[in-house]
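Commentary on secondary and tertiary structure
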Amino acid sequence: MRALALSELLLIELAKPSELSLNRRIYDLVRAAIQDDVLVPGTRLPSSRDLARDLNVSRNTVVSAIDQLLAEGYVAARVGSGTYVATRLPERDVARSTRSAVTVLRPNPPQLAIPRRLSRRGLRLTELAGWNHLEVQPFAPGPADYTTLQFRHWNRLLKKYVNDPDPALLDCGDPGGYPPLREAVARYLRVSRSVNVVAEQVLITSSTQQSVDLCARLLADPGDTVWIENPGYWGAQRALDAADLQLRAIAVDSDGIAPSEEDWNTSPRMIYLTPSNQYPTGAVMSLDRRRRILDFAAERNAWILEDDYDSEFRYEGRPLPSLQGMDMQQQVLYLGTFSKVMYQGVRLAYLVVPIDLVERFRIGLYDLFRPGQLTMQAALAAFIDEGHFEVNLRRMRVIYGERRALLRATLSRILGSRVELSRSNAGMTLVIHLPEGCDDGAIATLAARANLTVRALSNYYLTGARSPGLVVGFAYVSTPDITPYAQILARIILEQLEPESPSARAAAGLATTI
Ligand SMILES: Cc1ncc(COP(=O)(O)O)c(C=O)c1O
């Protein structure tokens, strides 16, 4: 687990009223997290100094809680390297009834059987928790503002297909998805994203992650190398890691993925990219880079996964054509999702595959995942055909554009040249690049205390040097709230960058009077 995640979660729990002492509560919470595998065996705990700073409590308070956990065998100290969750926990040998009554940090803690034997892969994949309960908060990167969706039409169509379903919609349906939805997606992609596609090539999946998973399973073998962007999207990393592929982290610059000479000399089986709006930096892959990567993939016989997750939201300039649209060799698989243009929980996405892969992918999707949800797919197809989808997109583009402009203006006004704002002109997130050496995790923790969820850019790196920054989502904040929240965030940043400066004090005054 990241130190930040533990601190964030402790902060949330400690904010709740309690009559117990602070050290007792920290002890109870960490113990509960260990018991419920939120902190898995072998996880390194943050140092007592870091934890005390993040929680704003004395170091003695933290030390006393950790000492108690040490004494009871929940954690073990390794000389010179820190404190770790014990590999053999006392709970494994005793009845569960002795467990602490504390509510666990995760909203729905997994009730795993004892003894719990995870595979090495399972341990690796579950070491970092997704912490989804922090996702729907101001500035959380990810969620769309679903409150503006035309639910009148969406609900009418959902009801229509749920109340009086065609019996065919109650089955798993066509392997590949509901044909009218595949038609609608193909039409939309041809016109708005210059994707070379006929409906047959479109497969409806439940998420981008499922699309990546399917590609990884059908196109690569365990141990094959896959290039991923660094920093990059954790969801794709997880799916590729779960397929036992070797992840090779490739640097990113202002022109998108930027392989080194050493990288160009490797032969990846697969390359995962977000060329239209690199996640999370917002870099747009230049035309030169696109050509070079396509040539490279053709030469090495590599597949490219183009994740075009949110470029519907473009605020200035003309979009570059999709990589898939430039591909002459049928080596690009194009991935899109409805979670940004409808709402996060809709769980419908699509995958466009080269024509010669269609049959195998339909079989793979059907046999590995048993897709269904055809009433939902039918409602979505009708929502698109009746024009509501396009109307919603146009509205959201204007609304998000306004929010983005307000956020940029407020941050620039207060922070000036102390930080650099990402220049991306698409999507739903903005990156505040911080000066080298700045602790972005600490700033994210302070923001969490003010109920703002921003993510530390350093957490998006798989390996190597980590540039500090904050990933800020502006979609899920109402327009009138953007400026006051941005002022609070800017104040927190300024206080960290220049604790003594008069401008920090002035900004603090400004923000606290909102
Ligand atoms: C790069 C990237 N791709 C895809 C998605 C969406 O994935 P899903 O379809 O699972 O909602 C996200 C979500 O934040 C993302 O950041």
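In what follows, the accompanying structure is described. (Residues numbered from 1 in each chain as written. Predicted model: local features only at pLDDT ≥ 70, side-chain atom pairs only at ≥ 80, totals over all residues. Heavy atoms only, no water.)

Further remarks concern the layout of surface pockets. When its volume is computed, the second largest pocket comes out at roughly 490 Å³. Residue lining of the second largest pocket: 26 residues in total, with D253, S254, T281, A283 and H433 positioned closest to the centre. Counting only elements with at least two residues in the lining of the second largest pocket, the list comes to strand 5 (246-253) and strand 11 (420-421). Sorting elements by how many residues they give to the lining of the second largest pocket places strand 5 first, with three residues. Residue classes in the lining of the second largest pocket are distributed as 11 nonpolar, 11 polar and four charged. (1 Å grid on protein atoms, 1.4 Å probe; cavity = no way out; pocket = protein on both sides within 12 Å on 5 of 7 lines; lining within 4 Å. Points joined across faces, edges and corners; volume = space filled by probe spheres on them. Helix = DSSP H or I, 4+ residues; strand = E, 2+ residues; numbered from the N terminus. Nonpolar A, V, L, I, M, F, W, Y, C, P; charged D, E, K, R; others polar.)

Right, let's talk about the site of the ligand for a bit. Near the ligand the following residues occur: S207, T208, Y233, Y272, T274, Y279, D307, Y309, T337, S339, K340 and R347. T208 places a polar side-chain atom, nitrogen or oxygen, 2.8 Å from an oxygen atom of the ligand. Contact distances for the ligand include 2.7 Å between an oxygen atom and a side-chain N or O atom of S339. Contact with the protein chains covers 94% of the free accessible surface of the ligand, which is 400 Å². Grouping the constituent residues of the shell around the ligand by class yields four nonpolar, five polar and three charged. (Near = heavy atom within 4 Å. Polar contact = N/O pair within 3.5 Å; in protein donor to acceptor, adjacent residues only side chain to side chain. Areas by Shrake-Rupley, 256 points an atom, 1.4 Å probe, with all protein chains shown as cover.)

It is worth spelling out the sheet that holds strand 14 (residues 469-473) at this point. Pairing in this open sheet of four strands is antiparallel, and the strands run 11-12-14-13 from one edge to the other. Looking at strand neighbours, the two that pair on one side only are strand 11 and strand 13 (455-456), the edges of this open sheet. Two elements, strand 11 and strand 12 (residues 429-433), share two bridges in a ladder whose sense is antiparallel. Along strand 12, the bridge assignment pairs L421 with I432. Against the sheet, helix 16 (residues 440-449) engages strand 13 and strand 14, with an angle of about 40° to strand 14. (Pairing = 2+ DSSP bridges. Contact = heavy atoms within 4.5 Å. Axes fitted to C-alpha atoms, helices over the stretch in contact; angles between N-to-C directions.)

In this section: the nonpolar core. Formed by 74 residues in total, the largest nonpolar core has its most connected members in F139, W154, F338, M342, Y400 and I432. Residues contacting F139, with those up to four places away along its chain left out, are L407, L452, T453, V454, V471, V472, G473, V477, I482, Y485, A486 and L489. With 26 residues, the next largest nonpolar core counts M270, L333, L351 and V353 among its residues. (Core = buried A, V, L, I, M, F, W, Y, C linked by side-chain atoms within 4.5 Å. Buried < 20%, exposed > 50% of the residue type's maximum accessible area, 1.4 Å probe, protein only.)

Mapped onto the elements of the fold, S276 is located in the loop between strand 7 (270-273) and helix 11 (287-300). Within the structure, S276 has its side chain in polar contact with the side chain of R193 (distance 3.1 Å). Residues within four places of S276 in sequence aside, it is in contact with R193, A283, V284, R290, D308, S311 and R314.

According to the stated counting rule, one finds 23 salt bridges in the structure shown. E498 serves as the salt-bridge partner of R418, at 2.7 Å between the closest nitrogen and oxygen. Residue R418 is located in the loop between helix 15 (388-415) and strand 11, and its partner E498 is located in the loop between helix 17 (479-497) and helix 18 (502-512); the two are separated by 80 residues in the primary sequence. Owing to a relative accessible area of 24%, E498 belongs among the partly exposed residues under this scheme. Among the charged side chains, a salt-bridge network with shared partners connects D50, R53, D54 and D439. (Salt bridge = Lys/Arg side-chain N within 4 Å of Asp/Glu carboxyl O.)

Per the stated rule, a full pass over the model turns up 17 aromatic pairs. Cluster of aromatic residues (ring-pair linked, three or more members): Y233, W234, Y279, Y309 and Y460. Residue placement shows R292 over the ring face of W264; its charged tip is 4.1 Å from the ring centre. (Phe/Tyr/Trp six-rings, centres within 6.5 Å; stacked < 30°, edge-to-face > 60°. Lys NZ or Arg CZ within 6 Å of the ring centre and 35° of its normal.)

Below, the discussion takes up the sheet that holds strand 5. Pairing within the open sheet is mixed, and its eight strands lie in the order 3-10-9-8-7-4-5-6. In this open sheet, the two strands that pair with only one neighbour each are strand 3 (202-205) and strand 6 (256-257). As judged from the two bridges shared by strand 5 and strand 6, these two strands associate in the antiparallel manner. Bridging across to strand 6, D253 finds its partner in G256. Sheet contacts for helix 8 (residues 208-219): strand 3, strand 7, strand 8 (303-307), strand 9 (332-337) and strand 10 (349-352); angle to strand 9, the most-contacted strand, approximately 160°.

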